[in-house]
Amino acid sequence: MPSFRRIAANRCRCRRFPIVSHYSGPLLTRPIAEALLAARDAGAAEWTGSLDLGRSGGSVLLQADAWQWRDQRYPYPDKLKDRTIYYWDGDGFSPVSRFAGALIKLVPTEWGAPTFEIDGIKMLPTSKESPFEDARRKVALVEPRGKVVLDTCGGLGYFAACCLETGVAHIHSFEKNADVLWLRTLNPWSPDPGTAASGGRLELAHADVSQAITRFADASVDALLHDPPRFGIAGELYSQAFYGELARVLRRGGRLFHYTGSPNKLTSGRDVPREVAKRLEKAGFKAQLALDGVLATSRR
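Residues numbered from 1 in each chain as written. Predicted model: local features only at pLDDT ≥ 70, side-chain atom pairs only at ≥ 80, totals over all residues. Heavy atoms only, no water.

Novice: I would appreciate a short explanation of the pairing of strand E16 (residues 221–226) in the present structure.
Specialist: Residues in a regular strand point their side chains to alternate faces of the sheet. With respect to burial, E16 is a largely interior element, 6 of its 6 residues being buried. Taken together, the 3 bridges between strand E13 (residues 148–151) and E16 define a ladder with parallel strand orientation. Of the residues in E16, the one forming a bridge with Val149 is Ala223. Sheet topology note: the E16/strand E17 (residues 250–259) ladder contains 5 bridges and is parallel. Among the inter-strand pairings, His226 is bridged to a residue of E17, identified as His258. (Buried < 20%, exposed > 50% of the residue type's maximum accessible area, 1.4 Å probe, protein only. Helix = DSSP H or I, 4+ residues; strand = E, 2+ residues; numbered from the N terminus. Pairing = 2+ DSSP bridges.)

Novice: How should I be thinking about the side chain of Lys105 in this particular structure?
Specialist: Its location among the elements puts Lys105 in strand E10 (residues 103–107). Among buried charged residues, Lys105 stands out as having no salt bridge; its nearest opposite-charge side chain is Glu117, 5.3 Å away. Among the polar contacts listed, one links the side chain of Lys105 to the backbone oxygen of Arg83, at a separation of 2.9 Å. Sequence-distant contacts of Lys105, that is, excluding residues within four places in its chain, are made with Arg83, Thr84, Val96, Ser97, Thr115, Phe116, Glu117 and Leu183. (Lys, Arg positive; Asp, Glu negative; His and termini not counted. Salt bridge = Lys/Arg side-chain N within 4 Å of Asp/Glu carboxyl O. Polar contact = N/O pair within 3.5 Å; in protein donor to acceptor, adjacent residues only side chain to side chain. Contact = heavy atoms within 4.5 Å.)

Novice: What am I meant to see in the pattern of salt bridges here?
Specialist: Note that side chains of opposite charge can pair when their charged atoms are close. Overall, the coordinates contain 20 salt bridges when judged by the stated rule. Glu129 is the salt-bridge partner of Arg137, the closest N and O atoms lying 2.7 Å from each other. Classification of Arg137 by relative accessible area gives partly exposed; the value is 39%. A salt bridge links Arg248 to Asp218, with the shortest nitrogen-to-oxygen separation between them at 2.7 Å. Of this pair, Arg248 sits in helix H7 (residues 240–249) while Asp218 sits in the loop between helix H6 (209–212) and E16, placing them 30 residues apart in sequence.

Novice: Sorry, what's going on with empty space enclosed by the protein here?
Specialist: Once rolled over the atoms, a probe with the size of a water molecule shows which space is left empty. Across all of its chains, the model carries 3 cavities of 30 Å³ or more by this definition. Of the pockets and cavities examined, the second largest cavity occupies roughly 60 Å³. Ranked by residue count, the leading element in the lining of the second largest cavity is helix H9 (residues 272–283), at 4 residues. (1 Å grid on protein atoms, 1.4 Å probe; cavity = no way out; pocket = protein on both sides within 12 Å on 5 of 7 lines; lining within 4 Å. Points joined across faces, edges and corners; volume = space filled by probe spheres on them.)

Below you can see the structure in the form of C-alpha cells.
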C-alpha cells in the first residue's frame, strides 16, 4: 500500500471544501409538518418522530402557536410542497434547493436517506431500496477496509460514508458542483469531514476530478469509486484518456467500480455498460458487468 507521505507529496493542488459544520436544526417534509399539526389539533402535548430524515428519533413539545425541539421554538410552517425538504434558515422554513443555471434540490425518499435532482433528473437510484443501501452494496465490491480510496464524483457522499463505516484508511473525494457541496451540509446522511466519525480520513475537495487526477502519483490509490453524471453531461469522465488516468493511479490488482446505470438500449441505441467495459479493458483493466455498472481490476 502506498504511504500517506507519498500521497501527500503528490497531492493535487485543488481547493479543499472548507470545513463547514453540518446543519443541526430540524428538517421538515410535508408529511412531517402535517403530523405535527394533526397532533396539536388532537390536543397532544407532545409528538414523537424524526426531524432529521430518519437518522434519529425524538420528542417535540407542542403549543398552540409553536413547537419546541432541542430547546428551540419554531412556528408551524405554512403549507409545504411534496417531494421537498425544508430547513430553518433563521426566519422561516426554506426548501433545500438552489437555482444557478440549473435547479438543484434535495428530495425525500421513503427510505429516509434523500436523493437529489438537477433540473428534475434524479441523480441516485431509489425505486427499490435506499440510495444509502445502494451505495453500500457498490462500495463492498472494492473492499475499502484499510485502503486508500479515490472517490471521483462525491455527490451527496454516500460512497464516502460507506467507506468510512467499513474502516477505510483514507478517502480522497472530489465534487465539482458547489451547490451539491451545499446540499451535503444540510443532509444528515452525508458524511462531515470535520467530525470525529470521519477521524481525518475523509478529504473532500471542490474540484474537477478530470483535471485533479493528473496530479496524483502513479499507483497511489488502492481502490476507485467512479459515479459520474450521465454521458451527455460529463462525457470527459467516460473518455479513453480519463480511463487511462484511472489505470495509472490505481495500484496493480486494485479494484474500480464504475456506475453506469441501465439506459434503455432500445431508445438510446447504445449499450453504455458494455461500451465502458471495452474502454476500461483498453486502458489496462479486466472488466465485467456488475450491479448497475462495471467492476474492473487493474492489470498494470
